[in-house]
Amino acid sequence: MSETLGTTGLILNEPLLWERGKKGRCGYSMPAADVPQNLLPTELTGDGPDFPDLSEIEVVRHYTRLSTWNFGVDTGLYPLGSCTMKYNPKINEKLAGLRGFAAAHPLLPSVLSQGALRLMFDLERFLAEITGLDAVTLQPAAGAQGELTGMLIVHAYHQAQGKQRTKILIPDTAHGTNPASAALCGYAPVPVPSGPDGILLPEVVAGLMDSETAGIMITNPNTLGLFEENIREIARIVHDRGGLVYGDGANMNAVLGIVKPGEIGVDILHLNLHKTFSTPHGGGGPGAGPVAVRKDLARFLPIPRVVERNGAYELREDFPESVGRVLAFHGHFGILLRAYAYILSMGPDGFKQVSRLAVLNANYVREGLKDVLHTAYDRPCMHECVFSDQNQHEAGITTLEMAKRLIDYGYHPPTIYFPLVVHGAIMIEPTETETKEDLDGFIEAFRSVVREAGENPEVIREAPSRCKVKRLDETAAARNPCLTG
Amino acid sequence: MRYLPHTDEDITNMLGAVGLKGLDDLFAAVPGDCRFEGTLDLPEAMSEWDLERHIGRLAGRMAVSPEYNLFLGAGSYDHYIPATVSSLLGRSEFVTSYTPYQPEMLQGTLQGIYEYQTLTARLLGMEVATASHYDGATALAEALLMAVRITGRKKAALSRAIHPHYRQVVRTYFAPTGYELLEIPCLETGLTDIDRIGEIRDLAAVALQSPNFFGCIENVQEAADRAHAGGALLVSGFTEALAFGLLKSPGSQGADIVAGEGQSLGIPRSFGGPALGMLASRKQHMRSLPGRLVGQTKDRDGRRGFVLTLATREQHIRREKATSNICSNNSLCALAAAMYMASLGRTGIRELAALNHDKAEYLKNALQKAGCTIRFSGPTFNEFVVGFPGGFDALHRRLLDRKIVAGLPLGAHYPELADYGLLCVTETCSREEMDRLVREVVS
Ligand SMILES: Cc1ncc(COP(=O)(O)O)c(C=O)c1O
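Residues numbered from 1 in each chain as written. Chains lettered and ligands numbered in written order. Predicted model: local features only at pLDDT ≥ 70, side-chain atom pairs only at ≥ 80, totals over all residues. Heavy atoms only, no water.

A. View of the overall build of chain B. Scanning chain B from N- to C-terminus turns up twelve helices and 15 strands. By the burial criterion, 65% of the 443 residues in chain B qualify as buried. Contacts in chain B between residues at least 24 apart in sequence constitute 70% of all its contacts with a sequence separation of at least 6. Only carbon and sulfur atoms are counted for the fraction: they give 48% of the accessible area of chain B, which is about 14600 Å². Side-chain charges in chain B split into 45 positive and 50 negative, and the spacing between the mean points of these groups amounts to 6 Å. (Helix = DSSP H or I, 4+ residues; strand = E, 2+ residues; numbered from the N terminus. Buried < 20%, exposed > 50% of the residue type's maximum accessible area, 1.4 Å probe, protein only. Contact = heavy atoms within 4.5 Å. Areas by Shrake-Rupley, 256 points an atom, 1.4 Å probe, with all protein chains shown as cover. Lys, Arg positive; Asp, Glu negative; His and termini not counted. Charge placed at Lys NZ, Arg CZ, Asp CG, Glu CD.)

Set out below in structure tokens:
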């Protein structure tokens, strides 16, 4: 292993919160009591939660140490396919902390919240422009909730047509949230097998699309990193038979300013602002999943909606056909603000370059690895490339083991075992913000892992060996769940 | 562009490596009739400096304290956030990581969320808690769908004293399912009419909120007993998590599932989001829980470590049969809540909750003395419903010019409470500010 890729640094242990502290300590600056005490009836009060009492320094050390066991985009290359782990600009964090926004109450009267409403109004317009659709809701909290919102709109649309439908077409390459979101609306997912080239074939869709089918959910580019070339034809088939086309926009990073989904037959599309629009993922969220729709579907969008009248903005609820509210307030405003800042930083030309370089980086990695890893589909990719562990079968080394070994080299592993259509999938999405040198390092590391698979499989099976912990026993965790301490 | 590191030389070399001439050749797979040939109609790129000035101006058009005095709660609360929480939460190892699919590389997040689950369970008096949901409203909707799964019944009843927006979200989630939603009315006391529970057959769940939307403290135990008598689960909601520093926990009063909003625990209001959906249950319902769970395990050397677990409930494994469609959650907000709960500790959270209560009672009493109507006479926490002598709405409007936001007018959601408003006081509200409000009300 190259000497430059990591050191045996000092990793400090840190107990659980409640294994620290002492009763009577407090890490919080209690405001002075300037009013008389007023006791609640004792039958209403309890003993208070059994929290540990910690001093400020203990809290600070605890979380600082925990943070050192984490790996983020700021630490290094994070090529998780389908997750678009691009750099998260620091200025956006600073702007989200501005008191005018961070301290703003969601139920302020419109006249007292013009700054936030204007920002939301403009962001909706920007996203409509980028997607080629007409109207946008910013309310959904994440991609999956965007999908749910989209499916609620599909449901409301068919209801308004006078006949509800029962099924929905979902390609076999789709993310798990697609069928789960459709099922919440009572639609039975019908899997659509992708063709030999990894993309959908119109004749297959035509064979499945009937008058009981509400529409199709398409991810484009799909999760194999391939552009659905037949999308227009597929959309025509679905539309002709009364269905709607839902676009999962999780992979929009490949086609910003290059393809407008609304112009190629997509009726409804969600975006993942925490992927394409650079907002940080926070170790699992929060994200944001705005939904854009065709003009005639705008009446179904969630309430409240931001409207403008003579330069003044307000939130309005009087949309009788709306699917309703999907979140208590107006969406993850703090995330929306970061995406807005990102869009203003990139400008129209910046976006096109983002997608070009994202696709260039993915193809560069693909080229660098395709002679040692089996390519699932032997053709150029869009923003991500998918391999499998087929070449390593003989050595008895799996995708999981190679992924764990990459950690020892200082890289976050790719997405593994997804999409499900590729056995032992390894899905690499480098994103546009990575330098050529870092990609070279990653390619070199992966090639080295592949070499080890043949020459020294033991070291791979032992990986990772340089983290805070060795390989963790996930089976035992699920067999005897211990979810609280 | 500073976020794009490629030099012209890099691009040339990389294109050469993949055997292409120009960047546009990368899109050969996109058919001509799928291409957008124009230029996006977006504003020209701004420098960091211009951007800061522009967004700073927008932020300047928002009414926030200290320039404004706000007595506004209704599901979003003004609590002081310790500098430690903001600072620790800003550590980019936490902020810029993804969901911990590779646990060895994300033990910081995983231990942090395991601790969050534990503190949440202790706060709510439950045995298990999930890793987070989007907000209190979606947590409540998911809790009710969970009750439908557990009981196999297709009907749920919601108290009218649950936050109106939460009820709207539940309706949205239920609309396409065919499950029935009923409403339980309120009494003149501002409390849910729990006698009605017994009148409804075959309920999967009864849901109420305590403290409820009006700030009134419900009799959760009594409601749980009635629900259980009919074979239904009791889902207890909340919007003000800090209340449980002082009040009995819902779990200690018979709730089966607890779902609510954790924004009070160290999360900025941020115009309503991101916030924190908290969801907890009894252990027997663990496998019906929606969303992610972190569990403790061991590594190969026998050392303690943490992983995402019970994933067979989730969409990436079970697809349409999953217990929920949720994937990304509000993890970083959960971490903030854990930091906040850890900073307070048992001693601190009790003292802070009591202080919040004392302050709200101070304003309530002062307004009453000044001739205002306190609509519900029972005990409340932090919030209460009030009528002003000359009418609520008119005075509320007038006070906006004085830079006071005197709560939330209730008429839009509760016609029976037209001309009443919901006022909120937390520890950030000084006696002086409250006295000023009272003076304005009587003048
Ligand atoms: C293709 C695709 N669709 C949907 C989602 C769900 O998005 P979220 O995690 O924001 O709910 C993801 C996220 O991983 C995805 O990759």
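Now that the structure has been shown, we can carry on.
B. Region of interest: the sheet that holds strand β7 (residues 257-261) of chain B. All names here are of chain B. Spatially, seven strands are ordered β2-β8-β7-β6-β5-β3-β4 in an open sheet, and the strand pairing comes out mixed. Edge strands, defined here as strands with exactly one partner in the open sheet, are β2 (128-129) and β4 (180-184). Of the strand pairs in this sheet, strand β6 (residues 233-238) and β7 are connected by four bridges, and their pairing is parallel. Bridge pairing links S236 to V258 in β7. This element, helix α6 (residues 136-151), spans β3 (155-159), β5 (205-209), β6, β7 and β8 (277-281) of the sheet and lies at about 165° to β7. (Pairing = 2+ DSSP bridges. Axes fitted to C-alpha atoms, helices over the stretch in contact; angles between N-to-C directions.)

C. A look at the domain arrangement of chain A. Residue and element names in this part refer to chain A. On domain assignment, one finds that chain A holds domain 1 (92-345) and domain 2 (347-471). The gap between the C-alpha centroids of domain 1 and domain 2 is 30 Å. At the interface, 30 residues of domain 1 touch 22 residues of domain 2. Summed over both partners, the interface of domain 1 with domain 2 buries about 2000 Å², with 62% contributed by carbon and sulfur atoms. Applying the counting criterion to the domain 1 and domain 2 interface returns one salt bridge. With its nearest N and O atoms 2.8 Å apart, the salt bridge here joins E229 to R379. If you look at where domain 1 meets domain 2, you find nine residue pairs in polar contact (both at pLDDT 80 or more). The greatest single-element share of the side of domain 1 that touches domain 2, amounting to four residues, is contributed by helix α9 (residues 333-369). Considering only residue class, the side of domain 1 that touches domain 2 consists of 17 nonpolar, ten polar and three charged. (Domains from an automatic or database assignment. Buried area = accessible area lost by both parts, 1.4 Å probe. Salt bridge = Lys/Arg side-chain N within 4 Å of Asp/Glu carboxyl O. Polar contact = N/O pair within 3.5 Å; in protein donor to acceptor, adjacent residues only side chain to side chain. Nonpolar A, V, L, I, M, F, W, Y, C, P; charged D, E, K, R; others polar.)

D. Local environment of the sheet that holds strand β11 (residues 385-388) of chain A. All names here are of chain A. Reading across the sheet, the four strands line up as β10-β11-β13-β12 and stay open at both edges, with antiparallel pairing between neighbours. Single-partner strands in this sheet number two, and they are β10 (374-375) and β12 (415-416). Two strands pair when backbone bridges link them, and β11 and strand β13 (residues 426-428) are joined in this way by three bridges, in the antiparallel orientation. Of the residues in β13, the one forming a bridge with C385 is I428.

E. Seen up close, the interface of chain B and chain A. Of the residues lining the interface, 181 residues belong to chain B; the matching set on chain A comes to 199 residues. In this assembly, chain B packs against chain A so that about 16800 Å² is buried in total across both faces, 65% of it on carbon and sulfur atoms. Run the count over chain B and chain A and you get eight salt bridges. Across the pair B:E104 and A:K404 runs a salt bridge whose closest N-O atoms are separated by 2.7 Å. There are 85 residue pairs in polar contact (both at pLDDT 80 or more) connecting chain B and chain A. Tallying contributions element by element places helix α10 (residues 331-369) of chain B first for the side of chain B that touches chain A, with 26 residues. Of the residues assigned to the side of chain B that touches chain A, the class counts are 90 nonpolar, 53 polar and 38 charged.

F. Local environment of the domain arrangement of chain B. All names here are of chain B. When cut into domains, chain B gives domain 1 (69-82 + 346-442) and domain 2 (83-340). Averaged C-alpha coordinates put domain 1 and domain 2 at centres separated by 27 Å. On the domain 2 side, the residues contacting the 33 residues of domain 1 number 36 residues. Summing the contributions of domain 1 and of domain 2, the shared interface buries around 2900 Å²; its carbon and sulfur component is 61%. Among the residues of domain 1 in contact with domain 2, P82, F381 and Y414 are the three that bury the most area, contributing 23% of the side total. Ionic pairing is found between R160 and E416, a salt bridge with its closest N-O pair at 2.9 Å. Linking domain 1 with domain 2 are 18 residue pairs in polar contact (both at pLDDT 80 or more). Of all the elements in the fold, those that place two or more residues in the side of domain 1 that touches domain 2 are α10 and β12 (383-387). Considering every element that reaches the side of domain 1 that touches domain 2, the biggest residue donor is α10, with seven residues. Class assignment of the residues belonging to the side of domain 1 that touches domain 2 gives a composition of 20 nonpolar, eight polar and five charged.

G. Main features of the pattern of salt bridges. All names here are of chain A. Evaluated as defined, the whole model comprises 55 salt bridges over all chains. Of the charged contacts, one joins D74 and K90 as a salt bridge, the two residues approaching to 2.4 Å between their closest N and O atoms. With D74 in the loop between α1 (56-67) and α2 (90-96) and K90 in helix α2, this pair connects stretches of sequence that are 16 residues apart. Under the relative-accessibility criterion, D74 is labelled partly exposed at 31%.

H. View of the environment of A:V154. Relative to the assigned elements, A:V154 resides in helix α5 (residues 143-160). Here the alpha-carbon distance between A:V154 and A:L244, two residues 90 residues apart in the chain, equals 6.9 Å.

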